[in-house]
Amino acid sequence: MALSLAVSPCPNDTFVFHALVHGLVPGAPPVDLTFADVDVTNTAALDGRFDLVKVSYAALPWLLDDYELLHCGGALGRGCGPLVLTKDRTDLNGATVAVPGDRTTAYLLFRLWAADQRPAKIEVVPFHQIMPGVADGRFDAGLVIHEARFTYPRYGLNALVDLGEWWESDTGLPIPLGAILAKRGAVDPAAATEWIRESLRQGWLDPSASQDFILANAQEMEPAVVRQHIELYVNEFTLELGKDGLAAADALLGRAAAAGLTPAVPSFL
C-alpha cells in the first residue's frame, strides 16, 4: 500500500522528500503525495488523514495523541524566524494583522511576542496575499514566513520585528517551525525516520537531481531565492533534532501552555 504523505510545496520540503516521493529510497513504500500549506495540514492532521504529515510545532498539542514526532525532516534553525512586516508602523496597537494560520508556529511566536500589544483584528489569509495586502493598505501588518524573508523589500515593506531574533536572544535555542509526524498504528516511526534521512542524504549528495521538482512547485521561482531558502531551512536539525531541537520544542510549547495559548504537553527530552 502507498504511504500517504502531506508536505508543503516549499523548497525545503520538496528538497527533503524528493527521493522518497520518487521511489529512490531503498525499502520505502510508494508514496501518495499531497501538497498543502501548513495551515491546511494542521487541520487535516486532526482527522488522521495522512500517514506522514508536516505540521507546525504550534499544532502539536492537539495532535500527539494520534501522531508521533519524528526526529528528522522538519524545519528548525537559527536566523530563519518569521517576520512582522509593515509599511511604517512602530507598534501594532489597533492594527489589522494578516497571519498565515491560527495554529502556525509563526502565529504562536507572534502572540508570545505581542502579549503587551493590542491589535484590533487578526485575519487568517493565504500566505501569498499577505505582502501585497500590507503594501496596498488592506492590512496594517503581516506575519510572513519562508521565502518572504528574501523578497519583502520589493513590496516597500519594513520588518517591525524578526521573531526568530527575538526568540533566539531570549532562549538561546533554534526556532521550532515545522515538524514531521507519523500516524500511530499506520507507519513504523523508526522506518519512516530512516526513509526520510536517506531521502535527505540523497538530496545533499546530488542537489541537481531535485531541482526541476523543486522549481515546479515553488511559489517563488527565482533559483537564487530557492537556493537561499533551502540553505536556510535544510540544516543539521533536519537530519536530527538533537538535544537543542527537542529543548526548543519544549520551550515553545511550555511557554505557550503557561500563557494559556495551548494545552500542555509532556516534555520531549
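Not measured: the values here are computed from a predicted model.

## Thoughts on the UniProt feature "active site" (unreviewed entry) in the protein
Line of reasoning, step 1. Mapped onto the present numbering, the UniProt feature "active site" (unreviewed entry) falls at H146.
Line of reasoning, step 2. Looking at the secondary structure, you find H146 in the loop between strand 9 (141-144) and helix 5 (148-151).
Line of reasoning, step 3. Contact partners of H146, with chain neighbours within four places excluded, come to C10, H229 and Y233.

## A few points about the sheet that holds strand 8 (residues 121-124)
Line of reasoning, step 1. Pairing within the open sheet is mixed, and its five strands lie in the order 8-7-9-6-10. Sheet topology places strand 8 and strand 10 (158-162) at the edges, where each strand pairs with a single neighbour. Averaged over all pairs of adjacent strands, the angle between their axes in this sheet comes to 25 degrees, without regard to strand direction.
Line of reasoning, step 2. In this sheet, strand 9 lies alongside strand 6 (residues 83-86) in antiparallel orientation, the contact comprising four bridges. Bridge assignment links V84 to a residue of strand 9, and that residue is L143.
Line of reasoning, step 3. Contacts from helix 3 (residues 105-113) reach strand 6, strand 7 (96-99), strand 8, strand 9 and strand 10 within the one sheet, and its direction differs from that of strand 9 by about 130 degrees.

## Section: the environment of D13
Line of reasoning, step 1. Within the element layout of this structure, D13 appears in helix 1 (residues 11-21).
Line of reasoning, step 2. For the pair D13 and R197, spaced 184 residues apart in sequence, the C-alpha separation works out to 13 Å.

Conventions adopted
Residues numbered from 1 in each chain as written. Predicted model: local features only at pLDDT ≥ 70, side-chain atom pairs only at ≥ 80, totals over all residues. Heavy atoms only, no water. UniProt positions renumbered as here; feature names shortened; annotations may be inferred. Helix = DSSP H or I, 4+ residues; strand = E, 2+ residues; numbered from the N terminus. Contact = heavy atoms within 4.5 Å. Pairing = 2+ DSSP bridges. Axes fitted to C-alpha atoms, helices over the stretch in contact; angles between N-to-C directions.

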